[in-house]
Amino acid sequence: MKYQASCHCGQNAFTFEGEVSEVLACNCSMCQRRGSLLWFTPRENLELRTPESNSSTYTFHKHVIQHRFCPHCGIHLYGLGTDPKGTAIAAVNMRCVEGIDLDAIPVKRFDGRST
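Here the structure is a predicted model, which means the values were calculated and not measured.

When helices and strands are tallied, the protein chain shows one helix and 10 strands. Put simply, the protein chain runs from its N terminus to its C terminus through helices and strands in the order β-β-β-α-β-β-β-β-β-β-β. For the protein chain, the C-alpha atoms occupy an extent of roughly 35 × 30 × 30 Å along the three principal directions. Taken across its 115 residues, the protein chain has 40% of its residues classed as buried. In the protein chain, the share of contacts with a sequence separation of at least 24, taken over all contacts with a separation of at least 6, comes to 56%. For the protein chain, the exposed area adds up to about 6,900 Å²; of that, 49% sits on carbon and sulfur atoms. Both charge centroids of the protein chain, one from 12 positive and one from 11 negative side chains, sit 9 Å from each other.

Here is the structure:
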């Protein structure tokens, strides 16, 4: 299935394809504060519809994940990093996706505070 996502103000938009069977809720210091529900996909599945320069990057802790957000409305869009095998991945904030029923998707809890 193909999904469309954007920030609140519309300065950042992207699409991605995949089968969303569950989302991840992390309790690290960043995720707990922003309340995102994440779905992971290979980076090449994420297609930007607006210039990458429309978003800003924040890194913290080990500085291995690029947390992309809109500098205008503040919405977290996705994170970029690599999986344990070295594959480039995107962690999409599913709260930015249009027309999706998040209550119907199982949530997996991840203890990011302990990593």
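Once the structure has been displayed, the description carries forward.
Attention now moves to the sheet that holds strand S5 (residues 46–48). With antiparallel pairing, three strands are arranged side by side in an open sheet as S1-S2-S5. In the strand order of this sheet, the two ends are held by strand S1 (2–6) and S5, each with one partner. With direction set aside, neighbouring strand axes in the sheet form an average angle of 25°. Note that strand S2 (residues 13–17) and S5 share three bridges and pair antiparallel. Looking at S5, one finds that Phe-16 is bridged to Leu-46.

Turning next to the nonpolar core. Core analysis: the largest hydrophobic core is formed by 22 residues, its most contacted members being Phe-14, Phe-16, Val-20, Leu-46 and Met-94. Contributions of two or more residues to this core are made by S1, S2, strand S3 (23–26), strand S8 (76–82) and strand S9 (88–93). The residues touching Val-20, leaving out its near neighbours within four places in the chain, are Tyr-3, Trp-39, Met-94 and Ile-105. Core analysis: the second largest hydrophobic core is formed by seven residues, Cys-28, Met-30, Leu-38 and Ala-91 among them.

If you walk through the whole model with that rule in mind, you get one salt bridge. Close ionic contact of Arg-49 with Glu-47 constitutes a salt bridge, the shortest N to O distance being 3.2 Å. With relative accessibility at 48%, the residue Arg-49 sits in the partly exposed group.

Quick look at the state of the cysteines now. Counted by the stated rule, this structure contains zero disulfides. Summary of cysteine pairing: Cys-73 is not part of a disulfide, and the nearest cysteine sulfur, belonging to Cys-70, is at 3.7 Å. Exposure remark for Cys-73: the relative accessible area of 27% places this residue in the partly exposed category. Between Cys-96, a free cysteine, and Cys-7, which holds the nearest cysteine sulfur, the sulfur-to-sulfur gap is 7.6 Å.

A word on the pairing of S9. Counting buried positions along S9 yields five of six residues, so the element is predominantly enclosed. Pairing geometry for strand S4 (residues 38–42) and S9, over five bridges, is antiparallel. Its bridge partner being in S9, Pro-42 is matched across the sheet by Ile-89. The pairing of S8 with S9 spans five bridges and is antiparallel. Bridging from a neighbouring strand, Thr-82 pairs with Ala-88 of S9. The loop that links S8 with its antiparallel partner S9 comprises five residues; one of these, Gly-86, has a positive phi angle of about 90°.

Cut-offs applied
- Residues numbered from 1 in each chain as written.
- Predicted model: local features only at pLDDT ≥ 70, side-chain atom pairs only at ≥ 80, totals over all residues.
- Heavy atoms only, no water.
- Helix = DSSP H or I, 4+ residues; strand = E, 2+ residues; numbered from the N terminus.
- Buried < 20%, exposed > 50% of the residue type's maximum accessible area, 1.4 Å probe, protein only.
- Contact = heavy atoms within 4.5 Å.
- Areas by Shrake-Rupley, 256 points an atom, 1.4 Å probe, with all protein chains shown as cover.
- Lys, Arg positive; Asp, Glu negative; His and termini not counted.
- Charge placed at Lys NZ, Arg CZ, Asp CG, Glu CD.
- Pairing = 2+ DSSP bridges.
- Axes fitted to C-alpha atoms, helices over the stretch in contact; angles between N-to-C directions.
- Core = buried A, V, L, I, M, F, W, Y, C linked by side-chain atoms within 4.5 Å.
- Salt bridge = Lys/Arg side-chain N within 4 Å of Asp/Glu carboxyl O.
- Disulfide = S-S within 2.5 Å.

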